[in-house]
Protein chains: 2
Amino acid sequence: MATLEPEIVSTARCFGGTQRVYRHRSAVTGTDMRFAAFVPPQGDDARLPVVWFLAGLTCTEENFTVKAGAQRVAAELGVILVAPDTSPRGEGVPDDPDGAYDFGLGAGFYLDAIQAPWAKHYRMESYIMRELPEIVATTLPADMKRQAIMGHSMGGHGALTLALRHPGTFASVSAFAPIASPMNCPWGEKALGGYLGPDRATWRGHDACALIEDGARLPGLLVDQGTADGFLENQLKPQLLEAACAKAGIPVTMRRQEGYDHSYFFIATFVEDHLRWHARALSVSKS
Amino acid sequence: MATLEPEIVSTARCFGGTQRVYRHRSAVTGTDMRFAAFVPPQGDDARLPVVWFLAGLTCTEENFTVKAGAQRVAAELGVILVAPDTSPRGEGVPDDPDGAYDFGLGAGFYLDAIQAPWAKHYRMESYIMRELPEIVATTLPADMKRQAIMGHSMGGHGALTLALRHPGTFASVSAFAPIASPMNCPWGEKALGGYLGPDRATWRGHDACALIEDGARLPGLLVDQGTADGFLENQLKPQLLEAACAKAGIPVTMRRQEGYDHSYFFIATFVEDHLRWHARALSVSKS
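Residues numbered from 1 in each chain as written. Chains lettered and ligands numbered in written order. Predicted model: local features only at pLDDT ≥ 70, side-chain atom pairs only at ≥ 80, totals over all residues. Heavy atoms only, no water.

**Let's talk about the pairing of strand 2 (residues 17-25) of chain A**
Residue and element names in this part refer to chain A.
Link 1 in the chain: Counting buried positions along strand 2 yields 7 of 9 residues, so the element is predominantly enclosed.
Link 2 in the chain: With 7 bridges joining them, strand 1 (residues 7-14) and strand 2 adopt antiparallel strand pairing. Each residue of the ladder has a partner; that of Thr11, found in strand 2, is Arg20.
Link 3 in the chain: Here strand 1 folds back onto strand 2, and the loop between the two strands holds 2 residues, one of which, Phe15, carries a positive phi near 50°.
Link 4 in the chain: For strand 2 and strand 3 (residues 32-39), the ladder comprises 8 bridges, and the chain directions are antiparallel. Pairing of Arg20 across the sheet is with Ala37, part of strand 3. (Buried < 20%, exposed > 50% of the residue type's maximum accessible area, 1.4 Å probe, protein only. Helix = DSSP H or I, 4+ residues; strand = E, 2+ residues; numbered from the N terminus. Pairing = 2+ DSSP bridges.)

**So, the packing of aromatic side chains**
Given two aromatic rings, one states the distance between the centres and the angle between the planes to describe the pair.
Residue and element names in this part refer to chain A.
Link 1 in the chain: Applying the stated criterion to the full structure yields 30 aromatic pairs over all chains.
Link 2 in the chain: Ring centres of Phe176 and Phe266 lie 6.1 Å apart, and the angle between their planes is 90°; this geometry places the pair in the edge-to-face category. Of this pair, Phe176 sits in strand 7 (residues 173-176) while Phe266 sits in helix 10 (residues 264-282), and the two are 90 residues apart along the sequence. Here the two residues Phe176 and Phe266 agree in accessibility, since each one is buried.
Link 3 in the chain: In textbook terms, an aromatic cluster arises when at least three aromatic residues are bridged by ring pairs, as seen for Phe53, Phe64, Phe176, Tyr260, Tyr264, Phe266 and Phe270. (Phe/Tyr/Trp six-rings, centres within 6.5 Å; stacked < 30°, edge-to-face > 60°.)

**With respect to the sheet that holds strand 8 (residues 221-226) of chain B**
All names here are of chain B.
Link 1 in the chain: Pairing is mixed in the open sheet, where 9 strands are placed in the order 1-2-3-5-4-6-7-8-9. Edge strands, defined here as strands with exactly one partner in the open sheet, are strand 1 (7-14) and strand 9 (252-257). Sheet twist, expressed as the mean angle between neighbouring strand axes with direction ignored, is 20°.
Link 2 in the chain: Of the pairings in the sheet, the one linking strand 4 (residues 48-54) to strand 6 (residues 142-152) comprises 6 bridges and is parallel in character. (Axes fitted to C-alpha atoms, helices over the stretch in contact; angles between N-to-C directions.)

**Side note on the interface of chain A and chain B**
Link 1 in the chain: Contact with chain A, which involves 22 residues of that partner, is made by 22 residues of chain B.
Link 2 in the chain: Summing the contributions of chain A and of chain B, the shared interface buries around 1,600 Å²; its carbon and sulfur component is 63%.
Link 3 in the chain: Contact with chain B buries surface across chain A, with Arg13(A), Phe15(A) and Phe265(A) losing the most and accounting together for 38% of the total.
Link 4 in the chain: Here chain A and chain B share 0 salt bridges between them.
Link 5 in the chain: Scanning the region where chain A abuts chain B turns up 6 residue pairs in polar contact (both at pLDDT 80 or more).
Link 6 in the chain: At the level of secondary structure, the elements contributing two or more residues to the side of chain A that touches chain B comprise strand 1, helix 1 (62-67), helix 2 (71-77) and helix 10 of chain A.
Link 7 in the chain: Here the side of chain A that touches chain B gets 5 residues from one element, more than from any other, and that element is helix 10 of chain A.
Link 8 in the chain: Looking at the side of chain A that touches chain B residue by residue, the classes come out as 8 nonpolar, 8 polar and 6 charged. (Contact = heavy atoms within 4.5 Å. Buried area = accessible area lost by both parts, 1.4 Å probe. Salt bridge = Lys/Arg side-chain N within 4 Å of Asp/Glu carboxyl O. Polar contact = N/O pair within 3.5 Å; in protein donor to acceptor, adjacent residues only side chain to side chain. Nonpolar A, V, L, I, M, F, W, Y, C, P; charged D, E, K, R; others polar.)

**Observations concerning the relation of the copies chain A and chain B**
Link 1 in the chain: Mapping chain A onto chain B calls for a rotation angle of 180° and an axial translation of 0.0 Å; the resulting RMSD is 0.0 Å. Put plainly, the chains are arranged around a two-fold axis.
Link 2 in the chain: Mapped onto chain B, 100% of the interface residues of chain A are again interface residues, and the two copies thus contact each other with one and the same surface. (Least-squares fit on C-alpha atoms with pLDDT ≥ 70 in both.)

**Brief notes about helix 3 (residues 124-139) of chain B**
All names here are of chain B.
Link 1 in the chain: The sharpest bend along helix 3 reaches about 40° and sits at Leu132, with the proline Pro133 one to four residues further on.
Link 2 in the chain: Listed as buried for helix 3 are Met124, Glu125, Ser126, Tyr127, Ile128, Met129, Glu131, Leu132, Pro133, Ile135 and Val136.
Link 3 in the chain: Buried residues belonging to helix 3 abut strand 2 (17-25), strand 3 (32-39), strand 4, strand 5 (80-84), strand 6 and helix 4 (154-165). (Bend = angle between axes of the 7 residues up to and from the residue.)

**Points about the side chain of Asp261(A)**
Link 1 in the chain: The residue Asp261(A) is located in the loop between strand 9 (252-257) and helix 10 in this model.
Link 2 in the chain: In this structure, Asp261(A) is buried with no salt-bridge partner, the nearest side chain bearing the opposite charge being Arg13(B) at 9.3 Å.
Link 3 in the chain: A polar atom in the side chain of Asp261(A) sits 2.7 Å from the side chain of Ser263(A).
Link 4 in the chain: Setting aside chain neighbours within four positions, we find Asp261(A) in contact with Ala228(A), Asp229(A), Phe266(A), Thr11(B) and Ala12(B). (Lys, Arg positive; Asp, Glu negative; His and termini not counted.)

**Re the pairing of strand 3 of chain A**
Residue and element names in this part refer to chain A.
Link 1 in the chain: Of all the 8 residues making up strand 3, 6 are buried; the element is thus mostly covered by neighbouring parts of the structure.
Link 2 in the chain: Between strand 2 and strand 3, which pair antiparallel and follow one another directly, the connecting turn spans 6 residues, one of which, Gly30, has a positive phi of 70°.
Link 3 in the chain: Both strand 3 and strand 5 (residues 80-84) contribute to a ladder of 4 bridges, which runs antiparallel. Looking across to strand 5, one finds that Ala36 is bridged to Ala83.

**Observations regarding unusual backbone geometry**
Residues and elements named next belong to chain A.
Link 1 in the chain: For the bond from Ala116 to Pro117, the omega torsion is -5°, close enough to zero to count as cis.
Link 2 in the chain: Considering the arrangement of structural elements, one finds Pro117 in the loop between strand 5 and helix 3 (124-139).
Link 3 in the chain: The phi torsion at Phe109 lies on the positive side, around 60°, for a residue other than glycine.
Link 4 in the chain: Along the polypeptide, Phe109 turns up in the loop between strand 5 and helix 3.
Link 5 in the chain: Here the phi dihedral of Ser153 falls at roughly 60°; this positive angle occurs in a residue that is not glycine.

**Some remarks on the environment of Asp96(B)**
All names here are of chain B.
Link 1 in the chain: Within the secondary structure, Asp96 is located in the loop between strand 5 and helix 3.
Link 2 in the chain: Each C-alpha atom, one on Asp96 and one on Glu131, is 25 Å from the other, the two residues being 35 residues apart in sequence.
Link 3 in the chain: Sequence-distant contacts of Asp96, defined by excluding residues within four places in its chain, comprise Phe103, Gly104, Trp118 and Lys190.
Link 4 in the chain: Within polar-contact distance, the side chain of Asp96 engages the backbone nitrogen of Asp98 at 2.8 Å.
Link 5 in the chain: At 3.1 Å, the side chain of Asp96 and the side chain of Lys190 are in polar contact.

By themselves, these are just geometric observations and shouldn't be taken as functional.
Listed below in C-alpha cells is the structure:
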C-alpha cells in the first residue's frame, strides 16, 4: 500500500512525553487524514502498548486529546494513546445532505460504507484496522502485539464492534456511554441505513449486540454510563448490551455513574480507571 | 451595586463535584459576563477556599476549564476553582481596530482602562477584584477569607499584578509563563499604551516588576516557564521578574521546564503542583 509517511502537524511536551498530531495521505479513504498520538517518556527506550480512543459524533482527533486529561495516566503507565479522526474530510467528501451532525462528516461510525456516494471515502473500519496501525507501527515506538481499545458514544460503538469483528487484536475493550445497539436507535438507524443500505441483516455485522448474539466474543468489557446523560434512553441503551453479554457469558463491568452527563467532564473523571483496566490486560501496570 | 443574580449556562458533574458556567449582568463592565466555577464535593458541607485562574490572550472562561484537568486535584484538595473571561464582550464593546488578537476582545489585561473608547467597558480589575468576588461569595459555598490566584501568560501578569495591587487578598500567587513585565514587551506596550495612554509612569502600576520595585510585595511565588515557549524571549522575560524579586527579597520558586511550550499541555502537566502549593498556603492540604 502506497501510504506516504505522516507529517507532524504539531508537537508539544506533556507529562514528560510528547503529544503529537500527524497528517497523512490515506490510500483507504482517498483523503488526507489526521490523528493524535501521545508518546509517554518510556517510549524513548522501549516499544510500548497502544491504547486507541475512538471519539463520538462531531469530534475530531482533538477532543479526547485536549479534554480528557488521559496523558497524565498514560505517562505513568507507559502506554501510547492514539486518537483518530471520526470520518474522512476534505474536498470531494460528501456530507449529510442537510448538514446534520449525525451523518457524514464527523460521523463515520467506524465501518466501511457500501452505498453510493459514501462507499468511496467512508471506509473508517479499514482505515483504523488496517492502514492506521501500519502507520503507527512505523512512526511510533509501538508494540502492536499489545493493543487495547476504548471509545465514547459513537466511538464506544466503534470500540465494541471493531473488537468483536477483529478478535485477537485487542487485549481489552472499554467504552464511555457507547451506542450499544445502533440497529435500535435513531442515530444508528440513520447511519447504518445510509452507509449500508436498507437490508437490516447487513446491519447486524456492525451492531455490538447483534454481533454478540451471532457468536462474536470480547475478552471482557468495562463500560461507564452517566445516569444524567441526555442520550441514555433514546440512543445509548446500555441495558441491551448488558443483556446480550449476560446471555453470551461475556463478563461486563457496567458502571452507572450517578449524575454524570455525556460530556468530556464525564470522560475525564473516569478515564484513569479505564487506562488502568487496559494496562492490567496489557500487563504494564506498575501495581 | 445592582448586580443581578447569575444564571447557570451549563452544569456537569465532574470528579464528584460540579463544573458550572454562569452568565450575569455586570454593572462594572456594562456587559453580560461569563465565568466558570468548579465546586468540589466538599462544597456540599462546608465553605471552601477559592483558587482563581486568569487566562491568557484569546481565551475565555472555557480554556482552563476544559483543557487543564485541574478539577481532579481540586476535588481531592477541596478548593473551588473560578475562571473568569478575559475581557468584556458583546454589542457596543470596542475591539482592536485591526481585529488583532492581542488587544481588545479576549485581551483585557486585568486592568481598568482610562483611555477612550476603552474606559467604558474594559474594567477587568474592578470586575475581578470587586464585583465577581461578591457574586462568588453569594453564589458558591466559598470562604472568601481564603483565596489564592494563578494565571497563564496575560493571566499570569494578571495574577501577579492583582496580588501586588491588593495585598492581603490572596494567600498565595502562582503563574504559568507570565508576562513578567508588560512595560518591556510588545504585547504589554500595546496594551498599556492603548488602555492607559502614553504616560509610562502610569504603566508602572500594572507591571509586576515595576510594582515590586516601587515597594509592593507578594506572599511568595511559584512560576513555571517552558524553555520551548515561543514567546519566552520577546514577550515573557521571566528573568526580569526573578531579578525584581531577588532585589526585593521576595521568595520565588522559578522552574524552567525543559522542552515545554506555551500550550495547555504545559499547564495540564504542572497545574497539580500549583494547586498543592496554593492548598498549603490555604491550609487545606491533606498531607
